[in-house]
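Structural characterization, general
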Amino acid sequence: MSKNRITREEALAFHLEPTPGKWEVNATVPMTTQRDLSLAYSPGVAVPCEEIAENPELAYDYTNKGNLVAVISNGTAVLGLGNLGALGSKPVMEGKSVLFKRFADVNSIDIELDTEDVDAFCNAVRLMGPTFGGINLEDIKAPECFIIEQRLKEEMDIPVFHDDQHGTAVICAAGLINALHLSGKKIEDVKIVLNGAGAAGIACVELLKRMGARHENCIACDTKGVIYQGRTEGMNQWKSAHAVKTEARSLEEAMVGADVFLGVSAKGAVTQAMVASMADNPVIFAMANPDPEITPEEAHEVRQDAIVATGRSDYPNQVNNVLGFPYLFRGALDINARAINDEMKIACAEALAELAREDVPDEVAMAYGRKLTFGRDYIIPTPFDPRLIHRVPPAVARAGMETGAARRPIIDMDAYELGLKTRMDPTASILRGINARARNAQARMIFAEGDDVRVLRAAVMYQRQGLGKALVVGREKDVKEKLEAAGLGDAVRELEVVNAANTRHLETYKEFLYQRLQRKGHDRHDIHRLAARDRHVFSALMLAHDHGDGMITGATRKSAHVMELINHVFDADAANGAAGVTALLHKGRIVLVADTLVHEWPDEEDLANIAQRGADVARHLGLDPRVAFVSFSTFGYPRSERAEKMHLAPRVLERRGVDFEFEGEMTVDVALNPQAQANYPFQRLSGPANILVVPARHSASISVKLMQEMAGATVIGPILSGIDASIQICSSNATATDILNMAVLASCKVG
């Protein structure tokens, strides 16, 4: 969001409510009983203290040191606001701590040191070293920031990273890798001009030189012009290291014939004439904040071949440090690194560049309101790309291990990557096992709605991830056009497109359907129309004749309508025991809610069927089923006719002799809270319920959507269970990733 869209009132209210500031501390261990307190503090705490005193490395095992970073500043260079002092910088440092947690699950504490004395600052940070696994320096003016970082790196045995320098450099390097890739140039050959020889600028050019840029090809400029060999005015040791032999004395002169411009200076520092004088396919990284050295519109007026990046989110190609520091520290912390070295920074940049060249998930495009495809307007990943957490830290960790920075190398990198997925994506822990089963199954998956680009992208992912064969129902021409528009034109030849016109089985399908529907008011003409023209029915007929192993539908039509169409081919209704089960994942807990799809107002027999369908799904997901029939009453109180069926449903399961735990009727808190269950010693659940059977579909829908919107729960499903076929129905607002996940469920016959 651009700066001018945020009012002062909004900003102040955000930091004031619901409580002042942006983060709080939560305990990760139980703190409810006297025994808990005795273990957390005295006398229990003495044991790990003694162990750590004997072997300091055990601090990474018995304390939070290994996942704790300090964000430290003295407030001498706060954003673009100048020297606001230590206290004035606190909102920024709190914000940085929040970003660490949000993007990489790194715990972080902000520390503001009220001193501009380099010695005092370094001593304070060094003395706090035992507390933290890493130090992130922030908003410290140059040249003190160079001195402070270098001293602390020498004096401390944990990573010390000045993000204003190296964070910008890493993202800049990632973008430049792809910009040069698009323009067909090599880093060792290009002429690079830097404007702004402060902390970030010098770090950018130093990292690019480590990546292959030649010293003599890099011209740095500051407010006094070109930094050339022999210049004495306004120089320091850091600038002198980048002085070159050149006749150019001004930015304007330096820009002539330049391939790359890097700006970390001021608004308007670059003119259109300067851009016009650059080489073919110029790369312009105008990163001044809040306003760039030249806007993309201004640059493209004179050079349509330019690739332009800025520091702003309302322009393409944002150079955003949040793409770097969370994942650099995540990888460094996970190997208990001694430092974050140049090789780790380069690995981060290369991983980011590689990710930008891949197909972009739907949820990212939806968040930004536009389709994102690798090219001149998309050379850097967006901060909300969910793949960052499991793609970048492993690259950083590998580089750290290869260069000797790791105290504890990661032995199983595959398991590490899976752990990162689970850490930030609660669906991953459930989907991990069924993904493995899906790869073994190699199911032929029928994607019924080949006229929708989300479905096509899910089909491409299904096949390219080695899950099985994707069969897309649609017209070849439409499929090709939509894939090409989505930047996946090369996938056309990979998918098998199926329709009524190109199958030899249509007459067989029609005869089968006629036998099912002839006594339900359908004549031959109706049958032809359904079988040949309705993709949902055609797909179901394919599945019924073993011309596919599973089916995905629902992305373009309401689920109730899709269920009616599927019912023409399969017995997928309430009368035949079908049910929809939705999985909710929240704060490490998994709860299934049923029925969310089929039954409008089930009776006690239906509720028992729903419980059995829920138990089937739970077992497929690796859970030991514990069913609770939930209501507003608990074991008969308060009495109500509407709660009666929830009271009777457990008796139905008793008669059926099912092999899973069940109990009811009960309120949700009793079902989910062991302490509340303890008030009813006769109840049969051995722990919190993981399947909630609710009185009606409307209450199921309300419960799921309320948890999703208010609590941020992750939702999987509804999973269709209880029919003689592997069919899953997506929601109409599903992303390509959601559709893929449902295809994985169908492949494993979950339900």
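Residues numbered from 1 in each chain as written. Predicted model: local features only at pLDDT ≥ 70, side-chain atom pairs only at ≥ 80, totals over all residues. Heavy atoms only, no water.

Under an unreviewed UniProt entry, the name given to the protein is NADP-dependent malic enzyme, and the source organism is Lutimaribacter degradans.

1. Thoughts on the overall build of the protein
So the rule is basically this: Strands here mean DSSP runs of E at least two residues long; helices mean DSSP runs of H or I at least four residues long; both are numbered from the N terminus. Computation of the radius of gyration draws on C-alpha atoms, with the globule rule given as 2.2 Å multiplied by the number of residues to the power 0.38. Burial classes: relative accessible area under 20% of the type maximum marks a residue as buried, over 50% as exposed, and values in between as partly exposed (1.4 Å probe, protein chains only). Throughout, a contact is declared for two residues whenever any of their heavy atoms are within 4.5 Å. As used throughout, the charge tally considers Lys and Arg to be positive and Asp and Glu to be negative, leaving His and the chain termini uncounted. Charge coordinates come from a single atom per side chain, which is NZ of Lys, CZ of Arg, CG of Asp or CD of Glu.
Helix and strand counts for the protein come out as 32 helices and 21 strands. Here the C-alpha atoms of the protein give a radius of gyration of 30 Å, agreeing with the 27 Å that 2.2 N^0.38 yields for 751 residues. Seen through its C-alpha atoms, the protein measures out along the principal axes to roughly 95 × 70 × 50 Å. The proportion of buried residues among the 751 residues of the protein is 53%. A separation threshold of at least 6 residues defines the contact pool for the protein, and within that pool the share at least 24 residues apart is 70%. For the protein, the distance from the average site of its 81 positive side-chain charges to the average site of its 100 negative ones is 4 Å.

2. A few points about the pattern of salt bridges
Basically, it comes down to this: The rule for a salt bridge is simple: a side-chain nitrogen of Lys or Arg has to be within 4 Å of a carboxyl oxygen of Asp or Glu.
All told, the structure shown has 49 salt bridges when counted by the stated rule. A salt bridge links D334 to R330, with the nearest nitrogen and oxygen atoms 2.8 Å apart. On the criterion of helical spacing, the pair formed by D334 and R330 is a turn pair, its members being four residues apart in helix α15 (residues 325-334). The network of salt bridges with common partners includes E354, E358, D385, R387 and R391.

3. Some words on the sheet that holds strand β7 (residues 225-226)
The line we're drawing: For two strands to be treated as a pair, DSSP must find at least two bridges joining them. Lines fitted to C-alpha atoms define the axes, with helix axes restricted to the stretch in contact, and inter-axis angles between N-to-C directions lie between 0 and 180 degrees.
With mixed pairing, six strands are arranged side by side in an open sheet as β7-β6-β5-β8-β9-β10. Where the open sheet ends on each side, the last strands, each with one partner, are β7 and β10 (307-310). Relative to β7, strand β6 (residues 218-222) runs antiparallel, the two being bridged by two bridges. Within β7, the residue paired with D222 across the bridge is G225. Along the sheet, helix α9 (residues 163-183) makes contact with β8 (260-263), β9 (283-286) and β10, crossing β9 at roughly 160 degrees. Against the sheet, helix α10 (residues 199-210) touches β5 (192-195), β6 and β8, its axis set at about 160 degrees to β5.

4. Some details on unusual backbone geometry
A negative phi holds for most residues other than glycine; trans holds for most peptide bonds. Cis peptide bonds are those with omega within 30 degrees of zero, and the linkage from A142 to P143 qualifies with 5 degrees. Topologically, P143 is positioned in the loop between β3 (134-137) and α8 (144-155). A cis amide bond, omega 0 degrees, links A594 with the succeeding residue D595. Its place among the elements puts D595 in the loop between β16 (589-594) and α27 (604-620). For D105, which is not glycine, the phi torsion reads 55 degrees and is therefore positive.

5. Re the packing of aromatic side chains
How we decide: Centres within 6.5 Å make a pair out of two Phe, Tyr or Trp rings, where for Trp the six-membered ring is used; the pair is then stacked when the planes are under 30 degrees apart, edge-to-face when over 60, and tilted otherwise.
Using the criterion set out here, one finds 11 aromatic pairs in the structure. Ring centres of F635 and F682 lie 4.9 Å apart, and the angle between their planes is 65 degrees; on these two criteria the pair is classed as edge-to-face. Of this pair, F635 sits in the loop between β17 (626-630) and α28 (641-656) while F682 sits in the loop between α30 (674-677) and β19 (691-693); the two residues are 47 residues apart in sequence, bridging distant segments of the chain. Given a relative accessible area of 52%, F682 falls into the exposed group. Ring geometry for F660 against F662: centres 6.3 Å apart, planes inclined by 75 degrees, an arrangement best described as edge-to-face. On the accessibility criterion, F660 (9% relative accessible area) is buried. You can call F662 buried: its relative accessible area is 9%. Three or more aromatic residues joined by ring pairs make a cluster, and in this case those are F100, F161, F325 and F329.

6. A closer look at the packing of α27 against α28
Quick reminder of the rule: What makes a crossing left-handed is the near helix being turned counterclockwise from the far one by less than a right angle; a clockwise turn instead makes it right-handed. Residue type decides the class: Asp, Glu, Lys and Arg count as charged, Ala, Val, Leu, Ile, Met, Phe, Trp, Tyr, Cys and Pro as nonpolar, and the leftover types, Gly among them, as polar.
Contact geometry for α27 and α28: axes closest at 8 Å, N-to-C directions at 60 degrees. Seen from above, α27 lies across α28 with right-handed handedness. On α28, the residues that touch E604, E605, L607, A608, N609, A611 and Q612 of α27 are K645, M646, L648, A649, V652, L653, R655 and R656. Residues that form the contact of α27 with α28 fall into these classes: eight nonpolar, two polar and five charged.

7. Focus: the sheet that holds strand β11 (residues 443-447)
On the basis of which strands lie adjacent, the open sheet formed by five strands has the order β13-β12-β11-β14-β21 and parallel pairing. Whereas interior strands pair on both sides, the edge strands pair on one side only; in this sheet they are β13 (496-498) and β21 (727-729). Geometrically, the sheet is characterised by an average inter-axis angle of 25 degrees between neighbouring strands, direction not taken into account. In the sheet, strand β12 (residues 468-473) pairs with β13 via three bridges, with the strands oriented parallel.

8. Here we look at the pairing of β9
Remember that side chains alternate between the two faces of the sheet whenever the strand is regular. The line we're drawing: Note on handedness: a clockwise path from strand one over the helix to strand two, with the strands aimed away from the viewer, defines a right-handed crossover.
On β9, burial covers both faces: V283 and F285 on one face and I284 and A286 on the other are all buried. Inspection of the sheet shows β8 paired to β9 by four bridges, in the parallel sense. Residue pairing in the sheet places L262 in a bridge with F285 of β9. Here β9 runs beside β10; their pairing, made up of four bridges, is parallel. Bridge pairing links I284 to V308 in β10. Handedness of the β-α-β unit built from β9, helix α14 (residues 296-302) and β10 comes out right-handed.

9. What to know about the environment of D110
The condition is simple: The definition of a polar contact used here is a pair of N or O atoms within 3.5 Å, where within protein one atom must be able to donate a hydrogen and the other to accept one, and adjacent residues in sequence count solely through side-chain atom pairs.
Along the chain, D110 turns up in strand β2 (residues 107-112). For D110, a relative accessible area of 7% gives the class buried. The spatial distance from the C-alpha of D110 to the C-alpha of G95 is 8.8 Å, given a sequence separation of 15 residues. Once you skip the residues sitting within four places of it in the chain, D110 turns out to touch W23, V71, K90, M93, E94 and S97. Of note is the side chain of D110, whose polar atom sits 2.7 Å from the side chain of K90.

10. Looking at the packing of helix α7 (residues 118-127) against α8
Relative to each other, α7 and α8 sit at 35 degrees, their axes nearing to 10 Å. Two packed elements cross with a definite hand, and for α7 against α8 that hand is right-handed. Contacts from V118, D119, F121, C122, N123, V125 and R126 in α7 reach E144, I147, I148, R151, L152 and E155 in α8. For the contact of α7 with α8, a count of residues per class yields seven nonpolar, one polar and five charged.

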